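A look at the structure
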Amino acid sequence: MSDLRVTPLNALHKELGAKMVPFAGYEMPVQYPLGVMKEHLHCRAEAGLFDVSHMGQVIIRAPGGYDAAATAFETLVPVNALGLGEGRQRYAMFTNDKGGIEDDLMIANRGDHMFVVVNAACKEADITRMTTGLPECEVTEITDRALLALQGPGAEAALEALVPGVASMTFMDVGVMASDWGELWISRSGYTGEDGYEISVPEDQSEALARALIALDAVEPIGLGARDSLRLEAGLCLYGHDIDSGTTPVEAALTWAIQKVRRNGGARAGGFPGADTILAQLDDGPTRRRVGLRPEGRAPMREGTELYAGAEGGDVIGHVTSGAFGPTLGGPMSMGYVTAGFADDGTTIYGDVRGKRLPATITALPFVPANFKR
Amino acid sequence: MKFTEEHEWLRVEDDVVVVGITEHAAEQLGDIVFVELPSVGTEVVKDDEVVVIESVKAASDILAPIDGEITEVNDVLTDEPSKVNDDAMGDGWMFKMKASDATQMDDYMDEAAYKKFVG
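Because the structure is predicted, anything quoted here is derived from the model rather than measured.

1. Regarding the overall build of chain B
- The number of helices and strands found in chain B is four helices and nine strands.
- The secondary structure elements of chain B, listed N-terminal to C-terminal, are β-β-β-α-β-β-β-β-β-α-α-β-α.
- By the compact-globule yardstick of 14 Å for 119 residues, chain B fits well, its C-alpha radius of gyration being 13 Å.
- Overall, the C-alpha framework of chain B stretches about 35 × 35 × 25 Å when taken along its three principal axes.
- Within chain B, the fraction of its 119 residues that count as buried is 45%.
- Contacts in chain B between residues far apart in sequence, at least 24 positions, make up 60% of those at least 6 positions apart.

2. Focus: the packing of aromatic side chains
Residues and elements named next belong to chain A.
- Within the structure shown, the criterion is met by six aromatic pairs over all chains.
- Pairing Phe171 with Phe372 gives two aromatic rings, centres 4.0 Å apart and planes at 10°, and the pair type is stacked. On the criterion of sequence distance, the pair formed by Phe171 in the loop between helix 5 (155–162) and strand 10 (174–177) and Phe372 in the segment after strand 19 (356–363) is long-range, its members being 201 residues apart.
- On the basis of relative accessibility, which here comes to 14%, the residue Phe171 falls in the buried class.

3. With respect to the sheet that holds strand 11 (residues 184–187) of chain A
Residue and element names in this part refer to chain A.
- If you trace the six strands from one edge of the open sheet to the other, you get 10-11-12-9-3-13, paired in mixed fashion. The sheet terminates laterally at strand 10 and strand 13 (219–221), the two strands that pair on one side only. When strand polarity is set aside, the average angle formed by the axes of neighbouring strands in this sheet is 25°.
- Examined bridge by bridge, strand 10 and strand 11 share four bridges and lie antiparallel to one another. Looking at the pairing, Val176 lines up with Trp185 of strand 11.
- The sheet contacts of helix 5 involve strand 3 (47–51), strand 9 (145–151), strand 11, strand 12 (196–202) and strand 13, and relative to strand 12 the element is tilted by about 30°.

4. Comments concerning the state of the cysteines
Residues and elements named next belong to chain A.
- Throughout the structure, instances matching the rule amount to zero disulfides over all chains.
- There is no disulfide at Cys122, and the cysteine sulfur nearest it, in Cys237, is 13 Å away.
- Judged by its relative accessible area of 2%, Cys237 is buried.

5. Some points on the interface of chain B and chain A
- Listed by partner, the interface residues are 14 residues for chain B and 13 residues for chain A.
- Between chain B and chain A, the buried area comes to about 1200 Å², and carbon and sulfur atoms account for 49% of it.
- The interface formed by chain B and chain A contains four salt bridges.
- Run the count over chain B and chain A and you get eight residue pairs in polar contact (both at pLDDT 80 or more).
- Here the side of chain B that touches chain A is built from residues that sort into seven nonpolar, two polar and five charged.

6. What to know about the UniProt feature "domain: GCVT N-terminal" (unreviewed entry) in chain A
- UniProt feature "domain: GCVT N-terminal" (unreviewed entry): in the numbering of this structure it lies at residues 11–260 of chain A.
- Structurally, residues 11–260 of chain A comprises 26% helix and 29% strand, and the distance from its first C-alpha atom to its last is 46 Å.

7. With respect to the sheet that holds strand 16 (residues 316–326) of chain A
Residue and element names in this part refer to chain A.
- In space, the six strands of this closed barrel follow the order 14-17-16-15-18-19, with antiparallel pairing throughout. Each adjacent strand pair in this sheet contributes to an overall mean axis angle of 45°, direction not counted.
- Pairing analysis gives six bridges linking strand 18 (residues 348–353) to strand 19, with the strands arranged antiparallel. Each residue of the ladder has a partner; that of Ile349, found in strand 19, is Ala360.
- Sitting on the sheet, helix 7 (residues 224–233) is in contact with strand 16 and strand 17 (331–339), with an inclination near 120° to strand 16.

8. Let's talk about the confidence of the model for chain B
All names here are of chain B.
- Per-residue pLDDT for chain B has a mean of 94; in total, 100% of the residues score no lower than 70.
- Confidence, expressed as mean pLDDT per element, reaches its minimum in chain B at strand 7 (residues 59–63) with 90 and its maximum at strand 8 (residues 68–73) with 97.
- Overall fold confidence for the complex sits at a pTM of 0.93, while the interface term, ipTM, reaches 0.78.

9. Considering the pattern of salt bridges
- Considering all chains together, one arrives at 27 salt bridges over all chains under this definition.
- Between Arg211(A) and Glu15(A) there is a salt bridge, with the nearest N and O atoms lying 2.7 Å from each other. With a gap of 196 residues between them, Arg211(A) in helix 6 (residues 203–214) and Glu15(A) in helix 1 (residues 10–15) connect regions that are remote in the sequence.
- Here Lys46(B) makes a salt bridge to Asp47(B), at a shortest N to O gap of 4.0 Å.
- Judged by its relative accessible area of 45%, Asp47(B) falls in the partly exposed class.
- Taken together, the salt bridges that share partners define one network made up of Arg302(A), Arg354(A), Lys356(A), Glu36(B) and Glu54(B).

10. Focus: the pairing of strand 6 (residues 101–109) of chain A
Residue and element names in this part refer to chain A.
- The element strand 6 is largely enclosed, with a buried count of eight among its nine residues.
- When strand 5 (residues 89–95) meets strand 6, the two strands line up antiparallel, connected through seven bridges. Residue Thr95 lies in a different strand from strand 6, and its bridge partner there is Ile101.
- Sheet analysis places strand 6 next to strand 7 (residues 114–118), joined by five bridges and oriented antiparallel.

Calculation criteria
- Residues numbered from 1 in each chain as written.
- Chains lettered and ligands numbered in written order.
- Predicted model: local features only at pLDDT ≥ 70, side-chain atom pairs only at ≥ 80, totals over all residues.
- Heavy atoms only, no water.
- Helix = DSSP H or I, 4+ residues; strand = E, 2+ residues; numbered from the N terminus.
- Rg over C-alpha atoms; globule rule 2.2 N^0.38 Å.
- Buried < 20%, exposed > 50% of the residue type's maximum accessible area, 1.4 Å probe, protein only.
- Contact = heavy atoms within 4.5 Å.
- Phe/Tyr/Trp six-rings, centres within 6.5 Å; stacked < 30°, edge-to-face > 60°.
- Pairing = 2+ DSSP bridges.
- Axes fitted to C-alpha atoms, helices over the stretch in contact; angles between N-to-C directions.
- Disulfide = S-S within 2.5 Å.
- Buried area = accessible area lost by both parts, 1.4 Å probe.
- Salt bridge = Lys/Arg side-chain N within 4 Å of Asp/Glu carboxyl O.
- Polar contact = N/O pair within 3.5 Å; in protein donor to acceptor, adjacent residues only side chain to side chain.
- Nonpolar A, V, L, I, M, F, W, Y, C, P; charged D, E, K, R; others polar.
- UniProt positions renumbered as here; feature names shortened; annotations may be inferred.
- pLDDT = per-residue confidence, 0-100.

Structure, rendered in structure tokens:
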């Protein structure tokens, strides 16, 4: 495992008794002694602290300021970046010429520049994409800051106790705050379906901030195992599983992230990779679609499970891309792709689990309602 | 009590053999969320897959440690699979079987040997 990279919190994870695993080129905590199930439930009930320092943090500057950077950035994403208000953040995705998704990311308007957070496994390719695709911009990877996520209904009170002022932020606000741990870049966002924050902190202060947070009664450290079940309950896509270079945003049911201004008839329609495919799918509907699935009984239908229309015979109509047991849901849950005719909520389909066809119901996402402070 | 290299335990009770997984195995698997048990009356041969355990991470098979007939299964696990984590060697037992050749158990480890095996 010597070729694995580590985050600034690596020693703390080990001190806390985390089980470490390789993930996206990093040695990361998959669970702490509490265990995945209890970590998950704790995050839904109080607050969980996640180390997401493996993700990429990037600043994009243009001589013309935010608007110039955002205008250039719109050549890479089907998202309204120019219309994003100052101090606000938005979900976006890089697309390819076939309309597939190369990565999903968060973009923020920080006044005179754009701040971007990308997935760990994709960050090198993303930075190359931005550097070559935005020649008029200066693209800088931030390598001296850690990234923490504090998630859960207790996150607001916990962080407010350490960094006064964060409670007044609403969902998808971003801000720069002075603190005892240096300048913090805070967004009110996350990827668990819970209220919470993502906090970019100077690397040399990150362990001290993490220790101050977990010293609070409400806060427990949470590993990748619970992060996965939390995001799946929230109906959120995991890149490389639920979305990838072969799935389009329309197939992935991420059309909410493509604002009207970038669609046919909009003031800045198209102009991003794969626009012809994506805009046609928006108008005509995709031939397959990402859906939620609730298997009957307790057996999870995991990634790769083949889906069928009937209990016997017939062709494969889709497959599962993420599947697990939902601790808050109290039962198994899956996401996957099915042929459009089978994608309506309430439709019963069948998953092949170890050679047996088990019924599952197409279910609206999220499985567990989001708890954002809008 | 006997132990297999697949981290199962076997305990002879009257004329049946009770089978479960060890605390070590339960800990390695993490939180167990689903246990698929065999049907009572099933005739099994050593190394047949008889139980599927789903943890939050993955599915694992439990193999029949000996030849015989399944005489009882621990139905409690259907609704409370976490009993395997809480009490792997007791209330978390999986199934009971009637051995057709009890000498098959002779090759398995005793508790001291198993403890050494898992280090």
